[in-house]
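Reading the structure
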Amino acid sequence: MSLEVRGLHAGYGRLAVLHGIDLTAGEGELVAVIGANGAGKSTLLRALSGLLPVTSGTVHLAGTDVTGYGPEKLARTGLAHVPENRLVFPSLSVADNLVLGGYTRRRGPAAARKEARDRAMALFPRLEPRLEQAAGTLSGGEQQMLAIARGLMAQPRVLVLDEPSVGLAPRLVGEIFSALGQLRDDGLTLVVVEQNARAAFAVADRVSVMDRGRVVLEGDPAALSTDPRVSGGFLGGGFAADADATTEAAPATGATRAADRR
Amino acid sequence: MTDLLQLLFAGLSQGAVYALVAIGFVAIFTVSGVINLAQGEFAALAGLVAISAVGSGLPLLAAVVLAVLSVALVAVIMERLVIFPVKRMTTLVSLILTLGVSTGLKALMLLVYGPNAEGLTPLTPGSFSLGGVSIRYQELWILLIAGVVSLAVYWFYERTLAGKSLRACAEQPVAARLVGISLTKASLLSFLIAGTVGAIAGVLASPIYFTSWESGLTLGLKGFVAATLGGLISVRGAVLGGLLLGVLETLTAGYISTGLRDAVAFLLLIIVLVARPAGIFGRTAEARV
């Protein structure tokens, strides 16, 4: 297993958000984690990448116990986190954003850094003509591509992405997800947290559905997409909607409806 | 005309010192949001260490190097003892903490070096006259070294990986951590830069403006004003702000009244904070996130 999460509990101070998450992603597998707003998806990623301390449970990365590692050490060990809202370095050039993406590999062989960069450029050729431009001047879709490319520069074993589709036009969402599918086909392990379930289902090998800090359903996307609990309850209408604002307003009702069904 | 040129030149060399102090404020503030009120004390301490080293027989250059190194060390120790342990640093907390350090350093300097103001031996003594404008060699040194140091700092932030990583911390701290940059190391590095640059300002200024245990207060405040003129987040803005402040001060002292000299800085500060909080050279889009 490239990524193995067992019984993960985490939260903010005394507020517990995750109540025992189990999640595995094998080598070359793309796992989508979906759920309504507030289900704990982003918290899960923050705990995975060390931004948030783990209360209990374990995280293994390619067989190494990385529970309790800080983000700097995790980045070195091989987990790259593409954060929500992209968070590119706005005043730095696209090229410098990429260089910083490879920060943990700065003492490694230059050939490996160049290869990582060439692969990222091949994946997102749109970035190539923009290399000298300040990252803050890119469009939303290009910034998302840059954020993913920056993550790849760390030459990770596992790439986790937080809502890569948010705020993007459907055409761009398709472009981003097909790039993720390509990375998976090249052998990278990916965990994608999404509210845009349709986009996620289209490329995922497996899907975990989260609700209120727990994984409530798990399985094959084809089977899950026809499951009435997915389309009706846990996503708060998110499955029917494409990446638009309707998903933003839904979480409260989604949570209550999910509770009714139990 | 000669008067004006004389004042402009004196203002530029004074302003170059402010500029270096201002770079120190910017270096620290951008990385961690800390406003380091001990920045002026770095300069004063460097001046005093150099003066006492020369007094005990060390050659001038060795004394200057010793002063800069010891102040850089003081800055690094300060970061580890006072800034690093704080879990949730805010600008307000940083003001209180660094004010404490500033007061402590002043007391220590008074205790060790006594209350007298002294001037370090100039790098080159004497002066010459150019078209009626009297120029001290030390002023040329100030302009030259301050220029070189400013360019070096600018180059560091624009061209080196370490410099870019500091800018990344300033712009997106979360993303910086995710790519593996340690914020605590970045903060330490920013103090090292601020200590070094502040110390250079101190030893450069000492032969002309004199150094005492309390000279860091004015120098620090002027540097802070200069940095604020540039928006507190830009090295270029800090340098321009320093030069502008220096020139305005000497012009005020020359044409209006010497007594108003120190008021200029604070008048400027109030005007800028009310009219252009992002600094007069800054763009609002560059605000620290």
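In this text the structure is predicted, and so the values were computed from the model without any measurement.

Residue and element names in this part refer to chain B. Packing of helix α1 (residues 2–32) against helix α9 (residues 215–229) leaves a shortest axis separation of 7 Å and a crossing angle of 70 degrees. The angle between the axes of α1 and α9 places the two elements in the roughly perpendicular class. Counted together, Val17, Tyr18, Val21, Ala22, Phe25 and Val26 of α1 and Leu219, Gly220, Lys222, Gly223, Phe224, Ala226 and Ala227 of α9 form the full contact between these two elements.

So, on to the confidence of the model for chain B. Residues and elements named next belong to chain B. Of the residues in chain B, 97% have a pLDDT of 70 or more, and the chain-wide mean is 93. A low-confidence stretch, residues 284–289 stays under pLDDT 50, and its non-local contacts, those more than four residues away or across chains, total 13 contacts. Across the assembled chains, the prediction reports ipTM 0.86 with pTM 0.88.

Attention now moves to a positive patch on the surface. The grouping of Lys73(A), Arg76(A), Arg106(A), Arg107(A) and Lys185(B) at the surface amounts to a positive patch. As for its placement among the helices and strands, Arg76(A) is situated in helix α2 (residues 71–77). For Arg76(A), a relative accessible area of 45% translates into the label partly exposed.

This brings us to the pattern of salt bridges. Residues and elements named next belong to chain A. With the rule as written, the count across this model stands at 20 salt bridges over all chains. Across the salt bridge formed by Glu4 and Arg6, the nearest N and O atoms sit 3.3 Å from each other. Of the residues examined, Arg6 reaches a relative accessible area of 36% and is grouped as partly exposed. Close ionic contact of Asp22 with Arg6 constitutes a salt bridge, the shortest N to O distance being 3.7 Å. Of the two residues, Asp22 sits in strand β2 (residues 15–25) while Arg6 sits in strand β1 (residues 3–12), which places them 16 residues apart along the sequence. Classification of Asp22 as partly exposed rests on a relative accessible area of 37%.

Moving on, we come to the packing of aromatic side chains. All names here are of chain B. This model, assessed by the stated rule, comprises three aromatic pairs over all chains. For the pair Phe128 and Tyr137, a centre-to-centre distance of 5.2 Å together with 40 degrees between the ring planes defines the contact as tilted. Of the residues examined, Phe128 reaches a relative accessible area of 27% and is grouped as partly exposed. For the pair Phe156 and Tyr157, a centre-to-centre distance of 5.4 Å together with 75 degrees between the ring planes defines the contact as edge-to-face. Tyr157 matches Phe156 in its accessibility class, with the two residues each being buried.

Moving on: a nonpolar patch on the surface. Residue and element names in this part refer to chain B. Residues Leu61, Leu123, Tyr137, Leu140, Trp141, Leu144 and Val148 make up a contiguous nonpolar surface patch of about 620 Å² in total accessible area. Of all the elements, helix α5 (residues 137–159) adds the most residues to the nonpolar patch, at five residues. Tyr137 gets classed as partly exposed once you look at its relative accessible area, which sits at 33%.

Turning our eyes to something else, we now look at the environment of Gln143(A). Residue and element names in this part refer to chain A. Summarising the element assignment, Gln143 is placed in helix α5 (residues 140–152). We classify Gln143 as buried; its relative accessible area is 16%. Gln143 sits 107 residues away from Ala36 along the chain, and the two C-alpha atoms are 24 Å apart. In contact with Gln143, other than residues within four places in its own chain, are Arg86, Val88, Ala135, Gly136 and Leu138. A distance of 3.3 Å separates a polar atom in the side chain of Gln143 from the backbone oxygen of Leu138.

So, on to the sheet that holds β2(A). All names here are of chain A. Reading across from one edge, β2-β1-β4-β5 is the order of the four strands in this open sheet, with antiparallel pairing throughout. Only two strands of the sheet have a single neighbouring strand rather than two, namely β2 and β5 (64–65). Where helix α1 (residues 41–48) meets the sheet, its contacts fall on β1, β2 and β4 (54–61), and the angle it forms with β1 comes to roughly 110 degrees.

Residue and element names in this part refer to chain B. Along the chain, the position of Thr30 falls in helix α1. You can call Thr30 buried: its relative accessible area is 10%. A polar side-chain atom of Thr30 sits 2.9 Å from the main-chain carbonyl oxygen of Val26.

A word on the interface of chain B and chain A. Reports often express the size of an interface as the amount of accessible area lost when the parts come together. With 17 residues of chain B at the contact, the number on the chain A side is 21 residues. Summing the contributions of chain B and of chain A, the shared interface buries around 1,900 Å²; its carbon and sulfur component is 68%. At the junction of chain B and chain A, the tally comes to two salt bridges. On inspection of chain B and its partner chain A, the count reaches four residue pairs in polar contact (both at pLDDT 80 or more). Per-class residue counts for the side of chain B that touches chain A are nine nonpolar, four polar and four charged.

Rules of the game
- Residues numbered from 1 in each chain as written.
- Chains lettered and ligands numbered in written order.
- Predicted model: local features only at pLDDT ≥ 70, side-chain atom pairs only at ≥ 80, totals over all residues.
- Heavy atoms only, no water.
- Axes fitted to C-alpha atoms, helices over the stretch in contact; angles between N-to-C directions.
- Helix = DSSP H or I, 4+ residues; strand = E, 2+ residues; numbered from the N terminus.
- Parallel < 35°, antiparallel > 145°, perpendicular 65-115°, else oblique.
- Contact = heavy atoms within 4.5 Å.
- pLDDT = per-residue confidence, 0-100.
- Patch = residues over 30% accessible without salt bridge, like charges linked within 9 Å, V, L, I, M, F, W, Y side chains within 5 Å.
- Areas by Shrake-Rupley, 256 points an atom, 1.4 Å probe, with all protein chains shown as cover.
- Salt bridge = Lys/Arg side-chain N within 4 Å of Asp/Glu carboxyl O.
- Lys, Arg positive; Asp, Glu negative; His and termini not counted.
- Charge placed at Lys NZ, Arg CZ, Asp CG, Glu CD.
- Buried < 20%, exposed > 50% of the residue type's maximum accessible area, 1.4 Å probe, protein only.
- Phe/Tyr/Trp six-rings, centres within 6.5 Å; stacked < 30°, edge-to-face > 60°.
- Polar contact = N/O pair within 3.5 Å; in protein donor to acceptor, adjacent residues only side chain to side chain.
- Pairing = 2+ DSSP bridges.
- Buried area = accessible area lost by both parts, 1.4 Å probe.
- Nonpolar A, V, L, I, M, F, W, Y, C, P; charged D, E, K, R; others polar.

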